Amino acid sequence: MTQTSDNVTWLTQEAYNQLKAELEYLQGPARSEIVTKIAAAREEGDLRENGGYHAAKEEQGKQELRVRQLTQLLEHAKVGEAPAASGEAAPGMVVTIAFDGDEDDTMTFLLASREYASSDFETYSPQSPLGTGVIGKKVGENADYELPNGKTATVKILSAEPFKG
């Protein structure tokens, strides 16, 4: 579900399977496709002015970066269930906060890594300023975090429920 400070990434079995399938696709069929594109572009002649060749090489670089990211993520993955409902903001929880204690000005988000992002909720990493501010806080407690401009903001934890992806 999310990365913790000791570099372990907690994933549900479903999330692990999806990431593993993506990795296998990128290392197999996708890698073969890009090699074919590069070879075809190379046959067109002068590589210095060959837009198709340069585009294919750039695509290959992005693909290989994603392979490395997924490999590292899956090497450190621990497969398990979503956290229990404890009322505490933690990775894998859907958290609702109120800005400056104003319960009319709220936001609900999933506290998890981008690999586990949900279309139902905005996702904030546990390593983000907001994520580090709310982790470990219980419902009813206030949390402070640093804004990009260097100022500090305070939010109140209204709820923290396990994500049921």
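Residues numbered from 1 in each chain as written. Predicted model: local features only at pLDDT ≥ 70, side-chain atom pairs only at ≥ 80, totals over all residues. Heavy atoms only, no water.

Caption draft 1: Inspection of the side chain of S125 at higher detail. Here S125 shows up in the loop between β6 (122–124) and α4 (129–134). Within the local environment of S125, its side chain forms a polar contact with the side chain of Q127, the two groups lying 2.7 Å apart. Here S125 is in contact with L111, A112 and G131, once residues within four sequence places are set aside. (Helix = DSSP H or I, 4+ residues; strand = E, 2+ residues; numbered from the N terminus. Polar contact = N/O pair within 3.5 Å; in protein donor to acceptor, adjacent residues only side chain to side chain. Contact = heavy atoms within 4.5 Å.)

Caption draft 2: View of the pattern of salt bridges. For the structure on display, the rule yields five salt bridges. The closest approach of N and O atoms between E64 and R31, which form a salt bridge, is 2.8 Å. Here E64, found in helix α3 (residues 51–75), pairs with R31, found in helix α2 (residues 29–42); they are 33 residues apart in sequence, far enough to count as distant. Residue R31 is classed as partly exposed on the basis of its relative accessible area, which comes to 30%. Two residues, E59 and K37, come together in a salt bridge whose shortest N-O distance is 3.3 Å. Of this pair, E59 sits in helix α3 while K37 sits in helix α2, and the two are 22 residues apart along the sequence. Classification of E59 by relative accessible area gives partly exposed; the value is 35%. In this structure K37 comes out as partly exposed when scored by relative accessible area, which is 43%. (Salt bridge = Lys/Arg side-chain N within 4 Å of Asp/Glu carboxyl O. Buried < 20%, exposed > 50% of the residue type's maximum accessible area, 1.4 Å probe, protein only.)

Caption draft 3: View of the nonpolar core. Counting residues in each nonpolar core, the largest one holds 16 residues, and the members touching the most others are V95, I97, F109, L130, V134 and V155. At the level of elements, β4 (93–99), β5 (106–111), α4, β7 (142–146) and β8 (152–162) are the ones that each hand at least two residues to this core. For this core, the element with the highest residue contribution is β8, accounting for four residues. Here F109 is in contact with M93, V94, V95, I97, F121, E122, Y124, L130 and V134, once residues within four sequence places are set aside. Counting eleven residues, the second largest nonpolar core, distinct from the first, contains L11, A15, A30 and V67. (Core = buried A, V, L, I, M, F, W, Y, C linked by side-chain atoms within 4.5 Å.)

Caption draft 4: Inspection of the pairing of β7 at higher detail. Residues A143 and Y145 line the buried face of β7, whereas the alternating positions N142, D144 and E146 sit on a face that is not buried. Of the strand pairs in this sheet, β7 and β8 are connected by five bridges, and their pairing is antiparallel. By the bridge assignment, N142 is partnered in β8 with K156. Count of turn residues in the β7/β8 antiparallel hairpin: five residues, of which G150 carries a positive phi of about 95 degrees. (Pairing = 2+ DSSP bridges.)

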